[in-house]
Amino acid sequence: MGGRWRRTLSVIHNLRIAPPLLSKLHFHSPLLSKPHFPSPFFTNRFLTVAAAIPCHLDPDPLHLDGAPENDPSVKIPIKAFFLSTSINLKGIQADNPRNIVPPSSRSALNYVALRFCNFNLDANGPGFHVKASNCRYMVVYQYGSAVLFNIEDHEVDAYLQLVTRHASGLLSEMRKDDYAIREKPQLVEDMQGGPDYIVLKSLDTDGIRLIGSVLGQSIALDYFVSQVDGLVEEFAGINRGMEKTGTFTMDKKKLLQLVGKANSNLADVILKVGLFERSEIAWRDAKYAQIYEYLREEYEVAQRFGNLDFKLKFVEHNIHFLQEVLQNRKSDFLEWCIIGLLTIENVISLYEILKDSNAVS
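Residues numbered from 1 in each chain as written. Predicted model: local features only at pLDDT ≥ 70, side-chain atom pairs only at ≥ 80, totals over all residues. Heavy atoms only, no water.

Participant: When you look at unusual backbone geometry in this model, what are you seeing that I'm missing?
Facilitator: One non-glycine residue, asparagine 150, adopts positive backbone phi at about 65°. By secondary structure assignment, the location of asparagine 150 is in the loop between β4 (145-149) and α4 (153-164). (Helix = DSSP H or I, 4+ residues; strand = E, 2+ residues; numbered from the N terminus.)

Participant: So what exactly am I meant to see when it comes to the state of the cysteines here?
Facilitator: Any covalent bond linking the sulfur atoms of two cysteines counts as a disulfide. The final tally for this structure, using the stated rule, is 1 disulfide. A sulfur-sulfur separation of 1.9 Å characterises the disulfide bridge that pairs cysteine 117 with cysteine 135. Judged by the torsion about the S-S bond (105°), the cysteine 117/cysteine 135 disulfide is right-handed. Here cysteine 117 is found in the loop between β2 (111-116) and β3 (136-141), whereas its partner cysteine 135 is found in the loop between β2 and β3, with 18 residues between them in sequence. (Disulfide = S-S within 2.5 Å.)

Participant: Just to check I follow, could you spell out a nonpolar patch on the surface for this structure?
Facilitator: A contiguous nonpolar patch, built from Leu341, Ile344 and Ile348 and spanning about 300 Å² of accessible area, is present on the exposed surface. Note on placement: isoleucine 348 falls in helix α9 (residues 301-360). On the basis of relative accessible area, isoleucine 348 is assigned to the partly exposed category, the value being 43%. (Patch = residues over 30% accessible without salt bridge, like charges linked within 9 Å, V, L, I, M, F, W, Y side chains within 5 Å. Areas by Shrake-Rupley, 256 points an atom, 1.4 Å probe, with all protein chains shown as cover. Salt bridge = Lys/Arg side-chain N within 4 Å of Asp/Glu carboxyl O. Buried < 20%, exposed > 50% of the residue type's maximum accessible area, 1.4 Å probe, protein only.)

Participant: Honestly, the sheet that holds strand β7 (residues 197-200) in this entry has me stumped. Any pointers?
Facilitator: Adjacent strands of a sheet pair through backbone hydrogen bonds, lying either parallel or antiparallel. Ordered by their spatial adjacency, 7 strands build an open sheet running β2-β3-β4-β1-β5-β7-β6, and the pairing between neighbours is mixed. What marks the edges here is a single partner per strand, and that holds for β2 and β6 (191-194). Going from strand to strand, the sheet's axes swing by 20° on average, the running direction of each strand aside. Helix-sheet contacts for helix α8 (residues 286-298) involve β5 (167-183), β6 and β7, and the interaxial angle to β6 is about 10°. (Pairing = 2+ DSSP bridges. Axes fitted to C-alpha atoms, helices over the stretch in contact; angles between N-to-C directions. Contact = heavy atoms within 4.5 Å.)

In structure tokens form, the structure reads like this:
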């Protein structure tokens, strides 16, 4: 597959504790106020994330790697994860009320955006503007994706703990993808593409929601593609067995389970992930529409769904064929039963005829 799409990575993060920095914190965060884990190990992991947040407001906290010192661009790393098949968003909102970013539309029902800053937003008044690169953001989607903005590798595990507490159907192997935003106010255009990153004139919460939606859908699509690949491989094995033996041993229950798995994967991609639903943010502003279309093309969303649909049609074709074979087997069995009953009936009739003839003679 072309483009920038990557393979699945198994994610294991080792965190270090930095207690001397705790005295510098001046903000309310669920990572400190609600250590829901009784074990000191989990508590320290949460403290590590809070301690790792800088306590000064640096207008350019993350400079470009290898860029000249006079380059005004700011690099904001993005990490997308697919970790479960369902996430309880209401539980996350209840645990993190101070960090909720108000939704920009009433249709934002399948995700929740969280913001973590090193200052108290309430104390700065309603006119205070928060620069996106000065905070950490996490956008969590009901279908199982979580997209982290401006969060370093050693901090990721603690932030994901906020999500996994409310997740069901956790995957044995988490899926991950990396991307980046480079914020450059001097940029003439609103956006500019690059290898594994996008350059924006400015980044705000709507941009975070928009970019998070594409990355969250993309990493979820990768999971469902892998599920369908498993189905294709299973049917390929059945076909190879039929090629050698001329028959197969699958029962009807197993076949129906495969039918249900194929149908549920397609339904999840279309309905839960909302792969073809319109983005209201992109619809309202041409700038966001340009970013949205660029990212969907960069991640080859339409092409990958086309490949998924093609594989599902292959699975569907095999299912219909095997159903016909099982139906023919059932028909043959019923025919043999009928032949057996007719044979028994004829034997009984012949016996009665012989018995009656003997009685007459």
